Amino acid sequence: MEAIGLLLNTTLVFSTALILVALGGIFSERSGVVNIGLEGLMIIGAFSAAVFTYFSSEWGFGGSSAAWFGVLMSIVLGAAFSLLHAVATITFKANQVIIGVVINILAFGLTIYLVKSLFDGSGQTENLSGIAFTKYNVPYLSEIPLLGDALFKTYPTTYLCYLLVFVSWYALYRTRFGLRLRSVGEHPGAADTVGISVIKYRYIGVILSGAFAGLGGATIALTTTYDFSHTTISGQGFIAIAAIIFGRWHPIGAAGAALFFGFAQALRFQADLFEWSQSIPNEFLYMLPYLLTLLLLAFAAGKSRAPSALGDPYDPGKR
Amino acid sequence: MQVLSKIFTKQSTYVPLVAIVLGLLVGAIVMWLGGYDPIVAYGAMLDKIFGSTYDFGEAIRQVTPLIFTGLAVAFAFRAGLFNIGVEGQFITGMTAATWIGINLNLPWFIHMPLAVIVGGIAGALWAGIAGWLKASRGVNEVISTIMLNWIAYYFANFMVRVVMVEPGQNRTKDIQGTASASIDWLVTLMDNARVHWGTVVAILCSFVFYYVLWKTRQGYELRASGFNPDAAHYAGMNVKGSIVKAMMFSGGLAGLGGAFESLGVFKSMAVMNALPGYGFDGIAVSLLGGNNPFGIIFGGILFGFLSYGSTGMSFEADVPNEIIRIVIGAVIFFVAIHGIVKWFLKPFFRKRREDKKEAA
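The name that an unreviewed UniProt entry assigns to chain B is Branched-chain amino acid ABC transporter permease, with the source organism given as Paenibacillus herberti.

An unreviewed UniProt entry lists chain A under the name Sugar ABC transporter permease, with Paenibacillus herberti given as the organism. The annotation that UniProt attaches to chain A under Subcellular location (unreviewed entry) is "Cell membrane".

Here you go:
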């Protein structure tokens with residue numbers, strides 16, 4: 001029972017980052033801009049969080065304020081870096097996939113370069129245990145058996161993530177902003193005709209994806225690895241893209257898919273807790289979720305449909 | 001001379017050249033801001049690549065898998081598919097070839113080619129899964145290949161750690177000498193640089209790539225299906241078949257690359273701690289080369305030489321070698337936004353036009 005609670009708890013911690021990044025990706029893709037650069041934006045986020053948390057604690061930020069400052073900077077710098085994507089793909093109409101790849105390469109190069117410059121040639125930042133986030137038990141709720149262990153004894157960023165899933169869903173499906181953002185991704189020509197600025201909404205979509213991905217990267221540095229190195233972000237951004245497609249470009253669907261992948265990662269750390277799983281080579285346990293996803297996509301899920309204008313630069317002349 | 005100036009004024013030629021210069025400039029600025037001396041650093045880089053025959057051979061070794069993966073990504077691109085799974089196909093090919101290399105006893109003229117071919121086929125089949133899923137089940141190839149990457153990665157680790165393991169080590173047994181793809185006389189000549197036949201095969205593959213896509217009916221159908229699937233279907237082409245074929249060809253190239261990396265370079269396979277990144281670098285190479293098979297050779301050389309040379313930069317000039325990723329990223333960035341490159345060149349072109357007018 002306790003083991004299951006712990007497994008679920010770890011699942012939530014690992015899926016936090018994936019959910020946040022997937023939410024960001026949804027804003028970008030719903031506005032019609034493919035963002036393969038989520039991985040790179042996460043790297044920027046994890047780097048900023050690790051570096052600014054470390055230095056702000058050196059500057060005398062006490063308690064968890066250092067970590068929150070790190071989070072804030074990761075959001076700001078993630079958004080700033082995504083501007084590069086936005087300017088290139090929206091204003092200069094460059095190929096969105098290419099620019100996404102560029103973002104990934106640049107983010108990796110730049111952050112490791114800076115880490116080595118800042119920390120005297122060492123490829124990783126100083127360890128953050130003690131100043132990074134600690135788990136917070138919600139009063140009363142955390143005492144519920146199983147559910148309390150699973151849901152209410154976790155990091156503040158995970159609680160924030162639950163909230164943001166709901167906020168994103170509301171923003172996309174219950175506000176004027178969301179309707180406009182989605183219309184720009186479905187049929188920019190029509191949206192433009194009724195006076196919606198395609199450029200503006202796409203910029204907002206891409207910048208939001210940068211902010212969310214930055215935050216997602218920050219949660220990994222501040223709750224899982226406690227430092228930043230070249231292996232901190234290894235493929236999570238691509239898994240988040242898979243979660244977006246699997247979740248059919250819907251915040252709640254994507255969150256569900258991300259939870260599933262988070263479960264996969266949690267299993268890796270918890271596999272030796274169960275007797276039945278000890279006899280199976282670990283690798284097969286690890287690959288199970290990916291295999292299941294593939295099978296589900298092939299045989300259970302219906303066709304997932306991308307936003308119609310996804311990937312096309314908007315050219316008013318072709319309206 | 002006129003021919004030469006024509007080549008250089010063609011947009012597909014001058015944009016990458018200007019982009020490379022601008023990319024190196026960006027790298028220099030970043031180094032300068034970080035308090036390093038860019039001239040010393042770039043000098044150290046060139047020195048590392050061309051300084052000795054050993055280093056030059058090793059630089060070529062670095063280039064080879066990039067050409068394979070670059071071609072693999074580009075082939076799928078040409079058929080309208082985004083194969084993020086080159087990574088997994090590369091690993092699959094590597095694993096299959098290593099297995100053949102370790103476990104069979106054959107004369108060298110059968111063993112090595114067989115291992116290479118099996119590696120290619122393994123990669124092709126692995127990619128074929130994604131192709132089939134897309135063609136018959138409508139599964140987006142981006143997500144299926146991401147999943148297949150991880151499955152291949154874990155499966156390969158299982159094969160290395162359990163099935164082919166050298167007892168007490170974190171890697172497989174060595175392959176048999178008969179499966180080695182090294183060019184032995186050249187290895188001796190280049191002071192033990194690990195040069196292998198894969199380089200030759202990679203260049204041959206780019207010719208095959210060109211021939212298949214532009215000189216066969218099959219290739220025409222692939223390109224047509226990629227360009228406009230509805231029109232291709234209306235014209236009576238088998239679009240679904242094209243998807244599977246394109247993925248398999250792409251995966252086959254990746255698998256060959258993986259096979260040579262094991263048979264020619266490492267002669268064994270180690271347990272991986274993370275996805276090795278060959279496939280992702282292939283995306284960059286493919287973009288550098290403009291998805292053109294011969295462009296990719298140059299893209300691979302540029303990417304491979306720069307990354308090999310960067311180790312010299314960190315060693316001699318103390319610059320973190322990740323600077324080269326920034327340079328490569330910037331180069332691709334400028335290739336992608338060729339609007340900016342043209343803007344840089346505008347004064348130059350205007351001047352020449354005026355010259356022409358005067359001459360007339």
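A. Highlighting the overall build of chain B. Across its full length, chain B holds 16 helices and zero strands. For chain B, whose C-alpha radius of gyration is 22 Å, the value lies close to the compact-globule estimate of 21 Å for 360 residues. With the principal axes as the frame, chain B shows a C-alpha extent of 75 × 60 × 35 Å. Of the contacts made within chain B by residues no fewer than 6 positions apart, 77% connect residues no fewer than 24 positions apart. Split by element, the accessible area of chain B, about 16100 Å² in all, is 65% carbon and sulfur. Distance between charge centres in chain B, computed from 26 positive and 20 negative side chains, equals 13 Å.

B. Summary view of the interface of chain A and chain B. Counting from both sides, the interface comprises 43 residues of chain A and, opposite them, 44 residues of chain B. Contact between chain A and chain B buries roughly 3900 Å² in total, counting both sides, with carbon and sulfur atoms accounting for 83%. Counting across the chain A and chain B interface gives two salt bridges. With its nearest N and O atoms 3.0 Å apart, the salt bridge here joins K116(A) to E322(B). Linking chain A to chain B there are five residue pairs in polar contact (both at pLDDT 80 or more). Elements with a minimum of two residues in the side of chain A that touches chain B: α3 (65–91), α4 (96–118), α10 (236–246), α11 (251–270) and α13 (282–300) of chain A. Ranked by the residues each element gives to the side of chain A that touches chain B, the list is headed by α4(A), at 14 residues. Classifying every residue of the side of chain A that touches chain B by side-chain character gives 33 nonpolar, six polar and four charged.

C. Up close: a nonpolar patch on the surface. A cluster of nonpolar side chains, contributed by L288(A), L291(A), L292(A), L295(A), F299(A) and W132(B), occupies part of the molecular surface with about 560 Å² of accessible area. It is α13(A) that contributes the most residues to the nonpolar patch, five residues altogether.

D. View of the nonpolar core. The biggest cluster of nonpolar side chains holds 200 residues, and the ones touching the most others in it are F261(A), M31(B), L263(B) and I332(B). At 14 residues, the largest contribution of residues to this core is made by helix α7 (residues 141–163) of chain B. Core analysis: the second largest hydrophobic core is formed by five residues, V33(A), A86(A), I90(A) and V206(A) among them.

E. Seen up close, the side chain of E221(B). Residues and elements named next belong to chain B. Here E221 is to be found in helix α10 (residues 217–227). An unpaired buried charge is present at E221: no salt bridge exists, and R217, the closest side chain of opposite charge, is 4.0 Å distant. Beyond its immediate stretch of four places on either side in the chain, E221 contacts M237, N238 and S242.

F. Representation of the UniProt feature "transmembrane region" (unreviewed entry) in chain A within the structure. Residues and elements named next belong to chain A. Those residues carrying the UniProt feature "transmembrane region" (unreviewed entry) are residues 6–26, 33–55, 67–90, 97–115, 155–173, 203–226, 238–263 and 284–302 in this numbering. The annotated region residues 33–55 carries 78% helix and 0% strand content, and the separation between its end C-alpha atoms amounts to 35 Å. The distance from the first to the last C-alpha atom of residues 67–90 is 34 Å, and the span holds 100% helix and 0% strand.

G. Representation of the pattern of salt bridges. With the rule as written, the count across this model stands at eight salt bridges over all chains. Taken together, the shared-partner salt bridges in this structure form one network comprising E58(B), R61(B) and R194(B).

H. Broad picture of the packing of aromatic side chains. The final tally for this structure, using the stated rule, is 40 aromatic pairs over all chains. Relative to Y290(A), the ring of F261(A) lies with its centre 6.2 Å away and its plane at 20°, an arrangement referred to as stacked. Separated by 29 residues along the polypeptide, F261(A) in helix α11 and Y290(A) in helix α13 bring together distant segments of the chain. Here the two residues F261(A) and Y290(A) agree in accessibility, since each one is buried. Each member of the aromatic cluster is reached from another via a ring pair, and the members are F75(B), F207(B), F209(B), Y210(B), W214(B), F249(B) and F294(B).

Thresholds, definitions, all that
Residues numbered from 1 in each chain as written. Chains lettered and ligands numbered in written order. Predicted model: local features only at pLDDT ≥ 70, side-chain atom pairs only at ≥ 80, totals over all residues. Heavy atoms only, no water. UniProt positions renumbered as here; feature names shortened; annotations may be inferred. Helix = DSSP H or I, 4+ residues; strand = E, 2+ residues; numbered from the N terminus. Rg over C-alpha atoms; globule rule 2.2 N^0.38 Å. Contact = heavy atoms within 4.5 Å. Areas by Shrake-Rupley, 256 points an atom, 1.4 Å probe, with all protein chains shown as cover. Lys, Arg positive; Asp, Glu negative; His and termini not counted. Charge placed at Lys NZ, Arg CZ, Asp CG, Glu CD. Buried area = accessible area lost by both parts, 1.4 Å probe. Salt bridge = Lys/Arg side-chain N within 4 Å of Asp/Glu carboxyl O. Polar contact = N/O pair within 3.5 Å; in protein donor to acceptor, adjacent residues only side chain to side chain. Nonpolar A, V, L, I, M, F, W, Y, C, P; charged D, E, K, R; others polar. Patch = residues over 30% accessible without salt bridge, like charges linked within 9 Å, V, L, I, M, F, W, Y side chains within 5 Å. Core = buried A, V, L, I, M, F, W, Y, C linked by side-chain atoms within 4.5 Å. Buried < 20%, exposed > 50% of the residue type's maximum accessible area, 1.4 Å probe, protein only. Phe/Tyr/Trp six-rings, centres within 6.5 Å; stacked < 30°, edge-to-face > 60°.

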